Amino acid sequence: MIQATSITKVYGIGTIEIRALNGIDFNVKQGEFVAIQGPSGCGKSTLLNVLSCIDKPTSGTISIDSIDIAHLSDKALAKIRRDKIGFIFQSYNLIPTLNALENVMLPMMFAGKDNNKTSERAATLLEMVEMQERMKHKPSELSGGEQQRVAIARALSNDPLLIVGDEPTGNLDSKTGAAVMKILTELNREGRTVVVVTHDPAVAGTAHRVLQMKDGQFINNQSEQEEQT
Amino acid sequence: MRILNKIRLAYRNLKEHKLRSFLTLLSIAVGIAAIVSLIIIGQSMVQAVGERFEGTVDIIRVLPGHVIPGRDFVSYGSFTEEDGEAVKEIAGVADVSSWMIEIAEAGYEGRFAPVELMGGDPADIGRFLGGAVQLKEGRLIREGATREAIVSASTLKHLNRWLEAELKVGDTLTINGVDLTIVGIMAYDLAALDVSHRVLLPKETAREITQSDNVMLMLVRIDDLARVDEIEDQIEELLDERHGVTGLTTATSVEGLLGRVETVFLIIQAFVIGIAFIALIVGGIGIVNIMLISVIERTREIGIMKAIGATSEDVLYLFLVEAATISLIGGLLGVLAGVAISAVVSTFISGFIIADMPLIIGPDVLVGGLIIALVTGIISGLYPARRAAKMRPIEALRHE
Ligand SMILES: Nc1ncnc2c1ncn2[C@@H]1O[C@H](COP(=O)(O)OP(=O)(O)OP(=O)(O)O)[C@@H](O)[C@H]1O
Ligand SMILES: [Mg+2]
């Protein structure tokens, strides 16, 4: 699903260079559940952003679903984000002016899908995350856990193969966080590839692999990782 | 993305900032209202004036004297019937109708009012005065009748005020001792001929009343409109010569008058529409301003949309549709206000300038108003929308 080789991401502020990613290799098989952990500032978010085509690496090659994304135009990258990847943010990032249903419909709207079907699908997805009662509510009227469930439904709207979460439970209490993780686990059982950054120790039990990051690199690549590279 | 969804999202954003959106669309509405009302009124006036002149474009009006435009008329005497015969000989002249114009005193039940009599061949009323004579009530003077007269609605009003009467069709007025029955009332004054507050009556009767046969007005029908200026000059020269004067006879055509009226309208319209366009430009700048603020405020939102798969084009069109929606609503309000303003202004015009002016509200004006508003909105939205579209998703997402 993901093949990333020698990824670097260098931020230059004035004369100081920050290597947020330092020649990282990262492979994820179809259907895998990978958790990434590490201290603050070690480059976890940077890695996810680069993998999700939200940001571009300074060097290295990445292919998503066998598509080499290095030479793709901005428009093509947007389409990959739209159709192949469902991104879940730590801070939910719902559009404040739209209600839950419309937020879930949004990626389908960008895909130009038929209106009746999109609202039907959005409703089904909201039902799946147990938000069917709150479809007409704006994000400001929802709790953090509820917003995150809407955000998960939104990430699923174009039926992506890859779900990426950057500390999706980071802003939630442990009980709500556990519920969100349970949804992600179920999505993985359905066959979707899941990559999450999380500090939640319980995730170690559910994920196929837990990778530890430090200073823009993995420190304890697990056996599966080694097998692939 | 489908256009309906873009409109839906744009509408959500506008609703979020109701006052701001309203103020912006107001400036567009003001500009559009000004343009729409001016065009409606201008078209209605030109049309109304044109109608009054209908059937008289090929008529040259000849006066025995010098006209100081808008102010005075200094006569050197009067024409004779022979003058009319001479004018008829000029090439291009089809027919000549001579009219007496005299001051007289109209009496009714012991009260008196000054009137100007306009005496001519009853058959010439229809033939030479054309669309200027639109009967509101009654009928024209019968051929051969001698005791009949017609007046305009405003002349009748003037008479009734002086005579403290309520004269109507069928009533009898005494002019210098001769009883005349009012057989018809014209809707309009003979504006085309610069004639107002006059009583139209057969020439014979006018002669009888005034004991004179001075022809004070000649109406000349020509059969070659292209040569109207040339024929005017020839008439003036001929009559100057016959009366031993130079440059005093005045011949004017309705065609020329109509042209002047239209020119004046065009100048006024161009001037006020210029102001309206300035209002539109101000409105457009308002949209640019509001949209730029909106783009900056929504940077994070733009980042989110891009992160979940919006292309730059999606974002561009989203903001363009938003600008277009504001301006279209503004345009709609402007068109409605413009129609309302024209309706109000036309009642004033109908009361004071052109009697019973019908409003002409063509679909072209309404649609045109909306299109101008829309174009203003889209042009103004272009720069802010491009700025939004060009944002990089990762940077926009980081924006707080
Ligand atoms: N736009 C940027 N400009 C400069 N430096 C940046 C930028 N974004 C990230 N960095 C730096 O890159 C490094 C990695 O950042 P990143 O956000 O990936 O960390 P993280 O592992 O997600 O941390 P956290 O757990 O706190 O979210 C940090 O040192 C950070 O300061
Ligand atoms: Mg992070």
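Here the structure is a predicted model, which is why all the values come from computation and not from measurement.

Caption draft 1: Structural view of the overall build of chain A. Tallying secondary structure elements over chain A gives 8 helices and 10 strands in all. Since a compact globule built from 229 residues should have a radius of gyration of about 17 Å, the 17 Å found for chain A is in line with a globular shape. Taken across its 229 residues, chain A has 52% of its residues classed as buried. Within chain A, contacts between residues at least 6 apart in sequence are counted, and of these 70% link residues at least 24 apart. Carbon together with sulfur atoms contributes 48% to the accessible area of chain A, which is approximately 9,600 Å² in total. Looking at charge distribution, chain A has the averaged site of its 24 positive side-chain charges lying 4 Å from that of its 27 negative ones.

Caption draft 2: Representation of the overall build of chain B in the model. A count of helical and extended segments in chain B gives 12 helices and 12 strands. Taking 2.2 N^0.38 as the reference for a compact globule, 400 residues should give roughly 21 Å; the C-alpha atoms of chain B span a radius of gyration of 31 Å, well beyond that estimate. Expressed as a percentage of its 400 residues, the buried residues of chain B come to 50%. Contacts spanning at least 24 positions in sequence make up 80% of the contacts within chain B whose residues lie at least 6 apart. Counting only carbon and sulfur atoms, one obtains 60% of the accessible surface of chain B, whose full area is about 18,500 Å². The averaged location of the 50 negative side-chain charges in chain B is 19 Å from the averaged location of its 35 positive side-chain charges.

Caption draft 3: Seen up close, the packing of helix H4 (residues 115-128) of chain A against helix H5 (residues 144-156) of chain A. Residues and elements named next belong to chain A. H5 packs onto H4 with a crossing angle of 135° between their chain directions and a minimal axis gap of 9 Å. Judged by the inter-axis angle, H4 sits oblique to H5. As H4 packs across H5, the resulting crossing turns out to be right-handed. Residue-level inspection shows Arg 121, Leu 125, Leu 126 and Met 128 of H4 in contact with H5, the latter providing Val 150, Ala 153 and Leu 156. Here the residues of the contact of H4 with H5 sort into 6 nonpolar, no polar and 1 charged.

Caption draft 4: Spotlight on the nonpolar core. By size, the foremost hydrophobic cluster in this structure holds 109 residues, and its most contacted members are Phe26(A), Ile36(A), Leu47(A), Leu106(A) and Leu126(A). Counting 25 residues, the second-largest nonpolar core is a separate cluster that includes Ala104(B), Ala153(B), Leu167(B) and Ala206(B).

Caption draft 5: Examining a negative patch on the surface more closely. All names here are of chain B. Together, Asp 229, Asp 233, Glu 237, Glu 241 and Glu 255 make up a region of like negative charge exposed at the surface. It is helix H7 (residues 228-243) that contributes the most residues to the negative patch, 4 residues altogether. Mapped onto the fold, Asp 233 is located in helix H7.

Caption draft 6: Representation of the packing of helix H2 (residues 18-52) of chain B against helix H11 (residues 363-390) of chain B within the structure. All names here are of chain B. Remark: H2 packs on H11, axes separated minimally by 10 Å, with the N-to-C direction vectors making an angle of 155°. Relative to H11, the element H2 is oriented roughly antiparallel. Considering how the two elements wind past one another, H2 and H11 form a crossing that is right-handed. Residues Ile 28, Ile 32, Val 36, Ile 39, Ile 40 and Gln 43 of H2 touch H11, and the partners they reach there are Asp 364, Val 365, Gly 369, Ile 372, Ala 373 and Thr 376.

Caption draft 7: The arrangement of the confidence of the model for chain B in detail. With 94% of its residues at a pLDDT of 70 or more, chain B shows a mean pLDDT of 85. Under the prediction, the complex receives an ipTM of 0.93, its pTM being 0.75.

Caption draft 8: Up close: the pattern of salt bridges. Scanning the model with the defined rule gives 26 salt bridges over all chains in all. Measuring nitrogen to oxygen at the nearest pair gives 2.4 Å for the salt bridge that ties Arg12(B) to Glu102(A). Of this pair, Arg12(B) sits in helix H1 (residues 3-16) while Glu102(A) sits in helix H3 (residues 100-110), on two different chains. With a shortest N-O distance of 3.7 Å, Arg298(B) and Glu301(B) are connected by a salt bridge. Since its relative accessible area comes to 7%, Arg298(B) is described here as buried. We classify Glu301(B) as buried; its relative accessible area is 9%. One salt-bridge network, in which partners are shared between bridges, spans Glu102(A), Arg8(B) and Arg12(B).

Caption draft 9: Fine view of the interface of chain B and chain A. Listed per partner, the contact involves 25 residues of chain B and 29 residues of chain A. Summed over both partners, the interface of chain B with chain A buries about 2,600 Å², with 57% contributed by carbon and sulfur atoms. Considering only the surface of chain B that becomes buried against chain A, Arg2(B), Arg12(B) and Ile308(B) emerge as the three largest contributors, covering 22% of it. Counting across the chain B and chain A interface gives 3 salt bridges.

Caption draft 10: Here's a closer look at the domain arrangement of chain B. Segmentation of chain B into domains returns domain 1 (3-52 + 258-398) and domain 2 (65-248). Between domain 1 of chain B and domain 2 of chain B, the C-alpha centre-to-centre distance is 51 Å.

Caption draft 11: Region of the structure containing the sheet that holds strand S3 (residues 33-37) of chain A. Residue and element names in this part refer to chain A. Taken in spatial order, the 6 strands of this open sheet run S6-S7-S8-S3-S9-S10, and their pairing is mixed. Here the strands that pair on one side only, and so sit at the sheet edges, are strand S6 (85-88) and strand S10 (217-218). Summarising the sheet, S3 and strand S8 (residues 193-197) pair through 4 bridges and their orientation is parallel. Pairing of Ala 35 across the sheet is with Val 196, part of S8. Contacting S6 and strand S7 (162-166), H5 runs over the sheet at an angle of about 165° to S6.

Caption draft 12: Representation of the pairing of strand S7 (residues 148-152) of chain B in the model. Residues and elements named next belong to chain B. Taking burial as the measure, the 5 residues of S7 include 5 buried ones, the bulk of the element. Where burial is concerned, the two faces of S7 agree: the one with Glu 148, Ile 150 and Ser 152 and the one with Ala 149 and Val 151 are both buried. Two elements, S7 and strand S9 (residues 178-186), share 5 bridges in a ladder whose sense is parallel. Among the inter-strand pairings, Ile 150 is bridged to a residue of S9, identified as Gly 184. As defined by bridge partners, S7 adjoins strand S10 (residues 198-202) across 2 bridges and the pair is classed as antiparallel. Looking across to S10, one finds that Val 151 is bridged to Val 199.

Caption draft 13: Structural detail: the sheet that holds strand S2 (residues 16-28) of chain A. Read across the sheet, 4 strands follow the order S2-S1-S4-S5 (chain A) without closing on themselves; strand pairing throughout is antiparallel. Because the sheet does not close on itself, it has two edges, and the strands there are S2 and strand S5 (67-68) of chain A.

Rules of the game
- Residues numbered from 1 in each chain as written.
- Chains lettered and ligands numbered in written order.
- Predicted model: local features only at pLDDT ≥ 70, side-chain atom pairs only at ≥ 80, totals over all residues.
- Heavy atoms only, no water.
- Helix = DSSP H or I, 4+ residues; strand = E, 2+ residues; numbered from the N terminus.
- Rg over C-alpha atoms; globule rule 2.2 N^0.38 Å.
- Buried < 20%, exposed > 50% of the residue type's maximum accessible area, 1.4 Å probe, protein only.
- Contact = heavy atoms within 4.5 Å.
- Areas by Shrake-Rupley, 256 points an atom, 1.4 Å probe, with all protein chains shown as cover.
- Lys, Arg positive; Asp, Glu negative; His and termini not counted.
- Charge placed at Lys NZ, Arg CZ, Asp CG, Glu CD.
- Axes fitted to C-alpha atoms, helices over the stretch in contact; angles between N-to-C directions.
- Parallel < 35°, antiparallel > 145°, perpendicular 65-115°, else oblique.
- Left-handed = near helix turned anticlockwise from the far one by under 90°.
- Nonpolar A, V, L, I, M, F, W, Y, C, P; charged D, E, K, R; others polar.
- Core = buried A, V, L, I, M, F, W, Y, C linked by side-chain atoms within 4.5 Å.
- Patch = residues over 30% accessible without salt bridge, like charges linked within 9 Å, V, L, I, M, F, W, Y side chains within 5 Å.
- Salt bridge = Lys/Arg side-chain N within 4 Å of Asp/Glu carboxyl O.
- pLDDT = per-residue confidence, 0-100.
- Buried area = accessible area lost by both parts, 1.4 Å probe.
- Domains from an automatic or database assignment.
- Pairing = 2+ DSSP bridges.

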